[in-house]
Amino acid sequence: MLNFVNAGRPGKVQTENQRYHGYIFDFVQRQIKTPDHMVVTRDVILHRPAVAILALAADQQVVVNSEYRAGVNQESIALPAGLLNENEDALTAAPRELSEETGYVAHDLKVLTTVASSEGFTDERVTLVLAHIDATERVATHFDADEFVNSQLVPLSELVTLVKNGTVQSAQTVAAVGYYLAFCQND
């Protein structure tokens, strides 16, 4: 049994100064008293919550996107994903994001887990959702004005290979595929 006495205990934010406010995130500088009684100053990005969807067809094909991502300045391969709207939960956002980006319709949604990819400087949480699709059931896509997404069905085994060889580096994609293989594949 793990014995981490402070695990899950929050620090006490003593001061917070906003340095930037944006649509997707805010940048703040905080002085925090940690659970082990240290006082530290940290730059933190407060990020809107997001969802990523592992959408599987009956033949074990997965919906995969290729999209330009400014943070890494390249076209990246990843699962469909997007930000939650205000007052929206992950199980509401997942089918909306899947249809907007790919045209596929989500069925039988299930939350897998929630991940934090860089908790040292951001509070961003991405909820990973498993969905099932009928590859023949499509609706019109609705991209944001500044995005273009190329979607295709890929065999799950091929996506696993792309993760294993480092072609897919999206943390949420790696986590969703790993979680699915470890805990859900044989359900």
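Residues numbered from 1 in each chain as written. Predicted model: local features only at pLDDT ≥ 70, side-chain atom pairs only at ≥ 80, totals over all residues. Heavy atoms only, no water.

The protein chain has the name ADP-ribose pyrophosphatase in an unreviewed UniProt entry. Per UniProt, the protein chain has the following entry under Cofactor (unreviewed entry): "Mg(2+)". (UniProt positions renumbered as here; feature names shortened; annotations may be inferred.)

Enquirer: Explanation requested: unusual backbone geometry in the structure shown.
Expert: What you tend to see is this: most non-glycine residues have negative phi, and most peptide bonds are trans. For His 37, which is not a glycine, the phi torsion comes out positive at approximately 70°. Position of His 37 relative to the elements: it lies in the loop between strand E2 (25-33) and strand E3 (39-47). The phi angle at Asn 87 is positive, at roughly 65°, despite the residue not being glycine. Here Asn 87 is to be found in the loop between strand E7 (81-83) and helix H1 (90-102). (Helix = DSSP H or I, 4+ residues; strand = E, 2+ residues; numbered from the N terminus.)

Enquirer: Got a minute to help me understand the side chain of Thr 102 in this structure?
Expert: Mapped onto the secondary structure, Thr 102 falls in helix H1. Polar side-chain contacts of Thr 102 include one of 2.5 Å to the backbone oxygen of Leu 98. Within the structure, Thr 102 has its side chain in polar contact with the backbone nitrogen of Tyr 104 (distance 3.1 Å). (Polar contact = N/O pair within 3.5 Å; in protein donor to acceptor, adjacent residues only side chain to side chain.)

Enquirer: Any chance you could explain the pairing of E2 here in plain terms?
Expert: In summary, the side chains of a regular strand alternate between the two faces of the sheet. Across the two faces of E2 the burial differs, with Asp 26, Val 28, Arg 30 and Ile 32 buried and Phe 25, Phe 27, Gln 29, Gln 31 and Lys 33 not buried at all. As defined by bridge partners, strand E1 (residues 12-21) adjoins E2 across eight bridges and the pair is classed as antiparallel. Across the sheet, Gln 18 pairs through a bridge with Val 28, a residue of E2. Remark: three residues form the turn of the hairpin made by E1 and E2, two consecutive strands paired antiparallel. Where E2 meets E3, nine bridges bridge the pair, whose relative direction is antiparallel. Note that in E3 the partner of Asp 26 across the bridge is Leu 46. (Buried < 20%, exposed > 50% of the residue type's maximum accessible area, 1.4 Å probe, protein only. Pairing = 2+ DSSP bridges.)

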